[in-house]
Amino acid sequence: MRTSEIRTRWLDYFAANGHEIRPSVSLVSPEPSILFTVAGMVPFIPYILGTQQPPWPRAASVQKCIRTNDIDNVGRTTRHGTFFQMSGNFSFGDYFKEGAIDYAWELLTSGVDRGGYGLDGERLWMTIWEEDEVSWNHLTRTIGVPERRVQKLPFAEISWSTGQPGPAGSCCEIHYDRGPDYGPDGGPAVDTRGDRFLEIWNLVFDEFIRGEGRGHDFELVGKLERTAIDTGAGLERLAFIMQDKPNMYEIDEVYPVIAAAETMSGRSYGRGAAGGRRLGGRRAYARGRRPHPLRPHAHLRRRAPRQRRARLRPAPPHPPRRALHAPAGRGGRRHADPADRLQGRHEGLLPRTGGAVARDQRGRLRRGGRLPAHPGRRHHHPGHRGGRR
């Protein structure tokens, strides 16, 4: 199923269930407390907090989002991107936990011919707050999810907020089991990397107001005047499950970016140096370094050529010696040899050259070794006797 169809089915389903369909807002957050639109609920924060009267009791959208705090995870997991689209449905004092769970279960597990996504309900796992008996009873008794597939977690591990003072609440996270090839068995509580039990939909039950703090270390300073529902399903995550791709980067809407990079770089995605170019005349595979499936060229790090920098150091003391002279020119003037000056005749700071500086037999300055003797000229230099060689 193409990503565009997944998006259309989302909006059509919630429109049929009385939700106002809202367009995606700017990536620059309309909420003054947040710089970017980090989630689908950002445009609805005033309605959730109760500072503004919502014009509709329920809404749905597919919101474009950006999260700079996910940059370090890009390429390390199969599911993170700095830019993504979040499908969401929202309730402002209308339905609460049971209604949100029912909508999510029906849309995910209903057949494709009925407008759903057709996912296997036996592969869905849930994580909920350990004190949330309403969600526990509804999932296990009303819907019939086996108790082993509903795992309870402490509030710090199963709550969500924007990261700023504002609405907060516990969650019901819905995970899809991708199979043993992606991680250990035992549910989301065991698969801490989240690659096997992939979180595809988060139902946030907003009922609290959070204070200052970082991450999940914050204080609940009160309760909202009315409860709210704020859910988010990653459109790209649903797509790479339904398109049977190993990661979000290979779905139909993202892979064209990789294809363009292949064209510009001359390399093939996932094959490292096997895409036609060589590095140092040898294939990267010959070095035993395999490319990461999500960062196919990370093992081809190019090192900048090492720049040789002249380090300044005090010139070593030299014993008194006679200056080197060129043959007297017209008028009897004598000229000091530049090689003598470069050797440190004058005190001060000199670059480290690794050897003496002198003239070769053709009169050109050179570095390293002893000063050669020029025909017809005697040199007085510490370490050897003057005279012809």
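Everything quoted here is computed from the prediction, not taken from an experiment.

Definitions and limits used
Residues numbered from 1 in each chain as written. Predicted model: local features only at pLDDT ≥ 70, side-chain atom pairs only at ≥ 80, totals over all residues. Heavy atoms only, no water. Phe/Tyr/Trp six-rings, centres within 6.5 Å; stacked < 30°, edge-to-face > 60°. Helix = DSSP H or I, 4+ residues; strand = E, 2+ residues; numbered from the N terminus. Buried < 20%, exposed > 50% of the residue type's maximum accessible area, 1.4 Å probe, protein only. Axes fitted to C-alpha atoms, helices over the stretch in contact; angles between N-to-C directions. Parallel < 35°, antiparallel > 145°, perpendicular 65-115°, else oblique. Left-handed = near helix turned anticlockwise from the far one by under 90°. Contact = heavy atoms within 4.5 Å. Nonpolar A, V, L, I, M, F, W, Y, C, P; charged D, E, K, R; others polar. Core = buried A, V, L, I, M, F, W, Y, C linked by side-chain atoms within 4.5 Å. pLDDT = per-residue confidence, 0-100. Pairing = 2+ DSSP bridges. Right-handed = clockwise from strand over helix to strand, strands pointing away. Salt bridge = Lys/Arg side-chain N within 4 Å of Asp/Glu carboxyl O.

**So, the packing of aromatic side chains**
This structure, assessed with the given rule, holds 17 aromatic pairs. Measuring from ring centre to ring centre gives 6.4 Å for Phe44 and Trp56, while their planes differ by 80°; the resulting arrangement is edge-to-face. In this pair, Phe44 sits in the loop between strand 1 (20-21) and helix 2 (45-49) while Trp56 sits in the loop between helix 2 and strand 2 (58-66), placing the two residues twelve residues apart along the sequence. In this pair, the class of Phe44 matches that of Trp56, namely buried. Measuring from centroid to centroid gives 6.1 Å for Phe155 and Phe208, while their planes differ by 85°, and the two rings are edge-to-face. Of the two residues, Phe155 sits in the loop between strand 5 (150-153) and strand 6 (159-161) while Phe208 sits in strand 8 (residues 197-214), which places them 53 residues apart along the sequence. Taking relative accessible area as the criterion, Phe155 reaches 16% and is therefore assigned buried.

**Considering the packing of helix 1 (residues 3-16) against helix 3 (residues 97-109)**
Close contact between helix 1 and helix 3 brings their axes to 12 Å; oriented N to C, the two are set at 135°. Between helix 1 and helix 3, the interaxial angle falls into the category oblique. As helix 1 runs across helix 3, the sense of the crossing is right-handed. Contact residues: Trp10, Tyr13 and Phe14 in helix 1; Tyr103, Glu106 and Leu107 in helix 3. Class assignment of the residues belonging to the contact of helix 1 with helix 3 gives a composition of five nonpolar, no polar and one charged.

**Some thoughts on the nonpolar core**
Counting 44 residues, the largest nonpolar core has Trp10, Leu108, Tyr117, Ile174, Ile200, Trp201 and Leu203 as the members making the most contacts within it. Residues in contact with Trp10, not counting those within four places in the same chain, are Ala60, Ser61, Val62, Ser87, Gly88, Asn89, Leu107, Tyr117, Trp201 and Ala233. Judged by nonpolar contacts, the second largest core, of 28 residues, contains Ile48, Ala59, Trp160 and Phe208.

**A look at the confidence of the model for the chain**
Looking at the chain as a whole, its pLDDT mean stands at 78, while 69% of the residues score no less than 70. Segment residues 323-358 is flagged for pLDDT under 50; beyond a separation of four residues in sequence, or across chains, it makes 67 contacts in the model.

**Some thoughts on the pairing of strand 4 (residues 124-129)**
Every other side chain in a regular strand lies on the same face of the sheet, so the side chains alternate between the two faces. Across the six residues of strand 4, six count as buried, placing the element largely inside the fold. Bridge count for strand 4 against strand 7 (residues 166-177) is five bridges, and the pairing is antiparallel. Counted as the bridge partner of Leu124 is Tyr176 from strand 7. The pairing of strand 4 with strand 5 spans four bridges and is parallel. Its bridge partner being in strand 5, Ile128 is matched across the sheet by Lys152. Taking the sense of rotation as the criterion, the β-α-β connection linking strand 4, helix 4 (residues 133-143) and strand 5 turns out right-handed.

**Topic: the pattern of salt bridges**
By the definition in use, this model includes 13 salt bridges. Arg196 serves as the salt-bridge partner of Asp177, at 2.8 Å between the closest nitrogen and oxygen. Placement of Asp177 in strand 7 and of Arg196 in the loop between strand 7 and strand 8 is noted, with a sequence separation of 19 residues between them. Put simply, Glu207 and Lys223 hold a salt bridge, and the shortest N to O gap is 4.0 Å. With Glu207 in strand 8 and Lys223 in strand 9 (residues 217-234), this pair connects stretches of sequence that are 16 residues apart. Its relative accessible area of 57% is what places Lys223 among the exposed residues. Taken together, the salt bridges that share partners define one network made up of Arg79, Arg193 and Asp195.

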